[in-house]
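Spelled out, the chains give:
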Amino acid sequence: SQELEQSPQSLIVQEGKNLTINCTSSKTLYGLYWYKQKYGEGLIFLMMLQKGGEEKSHEKITAKLDEKKQQSSLHITASQPSHAGIYLCGADRGSQGNLIFGKGTKLSVKP
Amino acid sequence: EPEVTQTPSHQVTQMGQEVILRCVPISNHLYFYWYRQILGQKVEFLVSFYNNEISEKSEIFDDQFSVERPDGSNFTLKIRSTKLEDSAMYFCASSIQSNQPQHFGDGTRLSIL
């Protein structure tokens, strides 16, 4: 079965610093989703990537999909305390929207 | 912005009792999902629902679980006889198409005593 591995598991950065979170799949990626979760709350959709080489940006967050490497990265530029939370990658297994998720990367941003 | 709403936010139930978790998906969405997240673990897929029937379910979704869309707006998850291991956060999600982003509710925290 397909697995998603996220790295790092947790990250503490100083406000203003850049950071990257990686998500690697054990199988071919049909679609890759990035979500943000605050503790005890729901998942907030960030971005969806569907094609190899695709790159999307929203405000200070950029996500890329390397289909050949079965990997996606999420890059945050000039981090702010509002970026703190748990970032989850989710993969579409090519079926009826059945998503699998990685364990998440917990991001803390120190003011 | 439209959102998925779930009720209740927290449910405490005795083992063996039935629970119904409720969700109101985004109004123009056609695909509905339930996921669960046991404390400290990954978010896990339970079931997807389209056109008034289950389109896919996971191994977790056994005979104790059922889903229903009783009217044009609600989507419910029923657990017939709860077990201690059913304690988790349950998330409802909806999407306009199966290959489009799923939007999640804030979840129902289910605690089985």
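Structure shown above.
In short, a report on the structure.

Definitions and limits used
- Residues numbered from 1 in each chain as written.
- Chains lettered and ligands numbered in written order.
- Predicted model: local features only at pLDDT ≥ 70, side-chain atom pairs only at ≥ 80, totals over all residues.
- Heavy atoms only, no water.
- Helix = DSSP H or I, 4+ residues; strand = E, 2+ residues; numbered from the N terminus.
- Polar contact = N/O pair within 3.5 Å; in protein donor to acceptor, adjacent residues only side chain to side chain.
- Contact = heavy atoms within 4.5 Å.
- Disulfide = S-S within 2.5 Å.

1. Topic: the side chain of Q6(A)
Residues and elements named next belong to chain A. Relative to the elements of secondary structure, Q6 occurs in strand β1 (residues 4–7). Reaching out from Q6, the side chain makes a polar contact with the backbone oxygen of Y87 at a distance of 2.8 Å. A distance of 3.4 Å separates polar atoms of two side chains, one belonging to Q6 and the other to T105. With residues near it in sequence (within four places) discarded, Q6 still touches I21, N22, C23, W34, Y87, L88, C89, G102, K103, G104 and T105.

2. Points about the state of the cysteines
Residues and elements named next belong to chain A. Under the definition given, this model contains two disulfides over all chains. Each sulfur of the disulfide joining C23 and C89 lies 2.0 Å from the other. With the S-S dihedral at roughly 75°, the linkage between C23 and C89 falls on the right-handed side. With a gap of 66 residues between them, C23 in strand β3 (residues 19–25) and C89 in strand β9 (residues 85–92) connect regions that are remote in the sequence.

Distances and angles like these do not, on their own, reveal function.
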